[in-house]
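Understanding the architecture of this molecule
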Amino acid sequence: MDFYADGNKSQKLITHIDGVRNNASLFSKEFGSEDWGALLGDWHDLGKFMEAFQRYMLEDEQRIEHAVVGGRYATDQFNDRLRRLVLQLSITCHHTGLQNSEALRKRLVNAAQLVRDAIKNAPNDLLDRKLPEWPEWLIPPDVTVEEKEINEWKRSLEFWIRMLHSCLIDADWLDAEKRDSDAPKRPNFPSIDELRDELDGYIDAKVSDAKRNNWTPVNAQRKDVLDACRASAITNTGYFSLTVPTGGGKTLSGMSFALNHAVENKMKRVIVVIPYTSIIEQNASVYAEVFGRENVIEHHSNIDPEKDTERNQLASDNWDAPIIVTTNVQFFESLYANKNSRLRKLHNISRSVIILDEVQSLPPELLYPILDAIRELREHYG
């Protein structure tokens, strides 16, 4: 019997699994977890090797669940409870969004027969996998350490599971797009290096023009701000603060820092996080003048649906563009989300320069989880 990934028979199942494994491994390599991404890709659709699922998918027979099979297979294969939990959660929940442990347990406990029906048809080399080791920075602490350290490790574990889950669902959805002939083609964007050169050329031309025509003390101060940003960019990654009065050129100087810093440290994108949509629209229009509207991806609730382009919509799904402009709500709520639509983009935050504009507007009552998330991103995700 032939096994397919979809009801249209447009892709063989093993081809889909290979594609998801390759991308999930590539995405999770950004934070030292490529073996985990590969295993998630290998086992996420084991349930589609059930003949009953193929009949459901191809002939519209009785619905049967497939996502739980890979999670239950991991349960049966591995004894390490914590590492096993990572696989159970991400694989079992790759269509539902992350669930709590009780909901997960109920799904897994009844899946033994489904696993037996699937593995008799799955290739042996696909089933024969080893449990990956923890990333070096996530090795569980000894039970004798202080409770504070254990709790910090638990938060890091939860954050990492969301990141891995993001890698899997993005890889899965991207591969599904490939087999749909009607799906829009993903856009190509300029490289970070090209965008940096474009911005620096634009700013230098404005400075030269001002020096020729109307050089003022304010222009001189803006030039000092720009020079400080460019000088600070040629350093290792870390936390940076830029304090400039209104009218001091913060929007372009900050972006100049970000792009030069990204080039210096081989980073992938710049994410500008802003509290108010009115400021987003102002900043985005400035960036669009430099880079072209098509190369600045806005992800917020105030976009006019009639003016939102297909290019912007696709890049908003998973933030795979080099310049993203978004809101505090979209950014920080996604870091603690459980829905797949919000989790999909998380892995693309790794290896990014994040600009928090008007940072004083962050809500004080949420400062602890916000700073905790920023610390995780800084320490473990580049």
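Residues numbered from 1 in each chain as written. Predicted model: local features only at pLDDT ≥ 70, side-chain atom pairs only at ≥ 80, totals over all residues. Heavy atoms only, no water.

**Regarding the side chain of H16**
Relative to the helices and strands, H16 is located in helix α1 (residues 13-28). The exposure class assigned to H16 is buried, which follows from its relative accessible area of 0%. Each residue touching H16, except ones within four places of it in the same chain, is listed here: A5, Q11, H44, D45, D172, D175 and R179. (Helix = DSSP H or I, 4+ residues; strand = E, 2+ residues; numbered from the N terminus. Buried < 20%, exposed > 50% of the residue type's maximum accessible area, 1.4 Å probe, protein only. Contact = heavy atoms within 4.5 Å.)

**A few points about the packing of aromatic side chains**
The tally for this structure, following the rule as stated, stands at 14 aromatic pairs. Joined through ring pairs, the aromatic side chains of F31, W137, F159 and Y381 make up one cluster. Positioned above the aromatic ring of W215 is the side chain of K211, whose terminal nitrogen or guanidinium carbon lies 5.5 Å from the ring centre. (Phe/Tyr/Trp six-rings, centres within 6.5 Å; stacked < 30°, edge-to-face > 60°. Lys NZ or Arg CZ within 6 Å of the ring centre and 35° of its normal.)

**Let's talk about the pairing of strand β1 (residues 269-274)**
Taken across its 6 residues, β1 has 6 buried, putting it largely inside the fold. Both faces of β1 are covered, namely the face carrying R269, I271 and V273 and the face carrying V270, V272 and I274. Pairing between β1 and strand β3 (residues 323-327): 5 bridges, direction parallel. Bridged to V272 within β3 is V325. (Pairing = 2+ DSSP bridges.)

**Examining unusual backbone geometry**
At K9, a position not held by glycine, the phi torsion is positive, near 55°. Here K9 lies in the segment before α1. In this structure K9 comes out as partly exposed when scored by relative accessible area, which is 49%. One non-glycine residue, R351, lies in the positive phi region at around 60°. Inspection of the secondary structure puts R351 in the loop between α16 (340-343) and β4 (352-356).

These figures capture arrangement, not role.
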